[in-house]
Amino acid sequence: SSGINAEYGAVGLETSDPDGALKIYYSITKQTASSEEEEKVIEQALLSMGKLLAQKGRVEELSKLIKSIRPFLGTVSKAKASKIVRELVDTFLDMESSTGVEIPLCLECIDWAKSEKRTFLTQALEGRLILLYHSVGQYSEALATVNRVLKILKKMDDKHLLMEIQLSESKVYHTLRNIPKARAALTSARTTANSIYVPPKLQAALDMQSGILHAEEKDFKTAFSYFYEAFEGYDSIESVHALKGLKYMLLCKIMLGAPEEVQSLLTGKMGLKYSGRGIDAMQAIADAGKKRDIAIFNQTISKYEAELQKDGVIESHLKALYDTLLEKNLVRIIEPYSRVQLSHVAETIALPYEVVERKLSQIILDKKFSGILDQRSGVLIVFDASEEDQTYTYALETISHMGKVVDALFKKAQKLS
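Throughout what follows, the structure given in this document is the object of discussion. (Residues numbered from 1 in each chain as written. Predicted model: local features only at pLDDT ≥ 70, side-chain atom pairs only at ≥ 80, totals over all residues. Heavy atoms only, no water.)

Overview of the sheet that holds strand 3 (residues 379-382)
With respect to topology, three strands assemble into an open sheet ordered 1-3-2, the strand pairing being antiparallel. The sheet is open, and its two edges are formed by strand 1 (339-341) and strand 2 (371-374), each paired on a single side. The mean angle between the axes of side-by-side strands here comes to 20°, regardless of whether they run parallel or antiparallel. Relative to strand 2, helix 22 (residues 353-365) is tilted by about 150°, and along the sheet it contacts strand 2 and strand 3. (Pairing = 2+ DSSP bridges. Helix = DSSP H or I, 4+ residues; strand = E, 2+ residues; numbered from the N terminus. Axes fitted to C-alpha atoms, helices over the stretch in contact; angles between N-to-C directions. Contact = heavy atoms within 4.5 Å.)

This is the structure:
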């Protein structure tokens, strides 16, 4: 009971005196459990201590905690030990600290689990290792681990873990731009999920990946729905990934050409809870999209580089948005002219001459407008829009229909004979 009272005292101190709370948790974890109730108190103290260390960004201390609890894990059931290790490792990985100790720590935990012959824990930790390899760009190691673990899991029939690995596989293939394989892996994960209970955190991760892949196919309406589900799931468990879900929702509105809806999404509790540089960056991009201003767009990208360019999903779609904005701006500038100097266009849009020349060439080749570039004199000659002669198209359609009629008559003639 003294351990329980101490735990309640530590919870009360978490906000006002974090160091004091950590000392109490540490003293509880050093006790020896003589009953199931005391075992639960120590388990809860370990998990609370892990979360508090993560909140305070104490990477090394959390790493030491994960290693130091092994004597206690030997006194509890394998299922409970696996749960504690998985939760602490997840807490550690959710910090996304990128200190370089993540992979060695995970490999060390895997070696310990193997030496203790804890097969399920080994596969669970290898699932975390895949995500770590993915986050540091070691994609070949990630896929090799995926293939090895999938073979084992299909024999073990652990559907929950199988779904996690399939989801990780989808993430790796998406980063490698192999969208068909990423979608196939996600479909497998969703099929597996249909037959089991999926915790909110994992369901949110599935929805997030579904939204990302729909966005890749330019289906931003469906992507928005999935991102909304992911955001609500992460928000319900106070996960740091909720902010990412909200940013992706705003991205979808911008890509759908509805930047004015960004502000309405951020009114109320949602905007207040997640306000910060990440949301400010998306609002600034929406403002640039609304004004169709390339200069503001480029300034925003430079100002919020960490928030926009370090997120691969946002970065890839912003490139597409930049191209669209640039096209619209160029077409708007050259519309009044029949002949216009490229230097004047470049000066008006405040971009380098070479960039403008290359983009105009692309627009002409894509038949966005009619014209030619006279590179010798540096002049764009704009042609009047002319209606395309449809005679050739209609002739081909007529021949195609006649061919179908002849085929139908031939089949009827064969039946008569």
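Quick notes on the environment of valine 76
Inspection of the secondary structure assignment puts valine 76 in the loop between helix 5 (70-73) and helix 6 (78-94). Among the residues examined, valine 76 registers a relative accessible area of 8% and is labelled buried. As a C-alpha pair, valine 76 and glutamate 43 span 33 residues in sequence and 9.8 Å in three-dimensional space. Residues contacting valine 76, with those up to four places away along its chain left out, are Glu39 and Ala81. (Buried < 20%, exposed > 50% of the residue type's maximum accessible area, 1.4 Å probe, protein only.)

Overview of the side chain of arginine 128
Mapped onto the elements of the fold, arginine 128 is located in helix 8 (residues 119-135). Among residues more than four places away in sequence, those in contact with arginine 128 are Arg86, Val89, Asp90, Leu93, Cys106, Leu161 and Glu164.

Some details on the nonpolar core
Core analysis: the biggest nonpolar cluster contains 123 residues, and Phe297, Leu308, Leu318 and Leu380 have the highest contact counts within it. Those residues in contact with leucine 308 that lie beyond four places of it in its chain are Ala281, Met282, Ile285, Thr300, Ile301, Ile314, Glu315 and Leu318. (Core = buried A, V, L, I, M, F, W, Y, C linked by side-chain atoms within 4.5 Å.)

Focus on the pairing of strand 3
The alternating pattern of strand 3 places Val379 and Ile381 and Leu380 and Val382 on opposite faces, both of which are buried. The pairing of strand 1 with strand 3 spans three bridges and is classified as antiparallel. The residue bridging arginine 339 from the neighbouring strand is isoleucine 381, located in strand 3. Inspection of the sheet shows strand 2 paired to strand 3 by four bridges, in the antiparallel sense. Residue pairing across strands places isoleucine 372 opposite isoleucine 381, the latter belonging to strand 3. Here strand 2 folds back onto strand 3, and the loop between the two strands holds four residues, one of which, glycine 378, carries a positive phi near 65°.

Considering the packing of helix 9 (residues 139-156) against helix 10 (residues 159-175)
The N-to-C vectors of helix 9 and helix 10 enclose an angle of 155°; their axes lie 10 Å apart at closest approach. By the angle between their directions, the pair helix 9 and helix 10 is classed as roughly antiparallel. For the pair helix 9 and helix 10, the crossing hand works out as left-handed. Along the contact surface, helix 9 presents Tyr139, Ala142, Leu143, Val146, Val149, Leu150 and Leu153, while helix 10 presents Leu161, Leu162, Ile165, Gln166, Glu169, Val172, Tyr173 and Thr175. (Parallel < 35°, antiparallel > 145°, perpendicular 65-115°, else oblique. Left-handed = near helix turned anticlockwise from the far one by under 90°.)

Some points on the packing of aromatic side chains
Taken as a whole and assessed by the stated rule, the structure comprises three aromatic pairs. Summarising the aromatic geometry, the rings of phenylalanine 227 and tyrosine 248 are spaced 5.1 Å apart at their centres and angled 55° between planes, so their arrangement reads as tilted. Of this pair, phenylalanine 227 sits in helix 13 (residues 220-236) while tyrosine 248 is found in helix 14 (residues 242-255), placing the two residues 21 residues apart along the sequence. Of the residues examined, phenylalanine 227 reaches a relative accessible area of 1% and is grouped as buried. Taking the centre distance of 5.5 Å and the plane angle of 70° together, the rings of phenylalanine 231 and tyrosine 274 count as edge-to-face. Residue phenylalanine 231 is located in helix 13, and its partner tyrosine 274 is located in the loop between helix 16 (269-273) and helix 17 (277-291); the two are separated by 43 residues in the primary sequence. A relative accessible area of 5% places phenylalanine 231 in the buried class. A residue is classified by how much of its surface remains accessible, and tyrosine 274, at 12% relative accessible area, is buried. Across the ring face of phenylalanine 224, the terminal group of lysine 253 is positioned such that the distance to the ring centre comes to 4.5 Å. (Phe/Tyr/Trp six-rings, centres within 6.5 Å; stacked < 30°, edge-to-face > 60°. Lys NZ or Arg CZ within 6 Å of the ring centre and 35° of its normal.)

Here's the deal with helix 9
In this model, helix 9 (18 residues) spans 25 Å end to end at C-alpha, consistent with the 26 Å of a helix rising 1.5 Å per residue. For helix 9, the secondary structure elements touched by its buried residues are helix 8 and helix 10. Directly beyond the C-terminal end of helix 9, a positive phi value near 60° is found at aspartate 157. (Expected span 1.5 Å × (residues − 1).)

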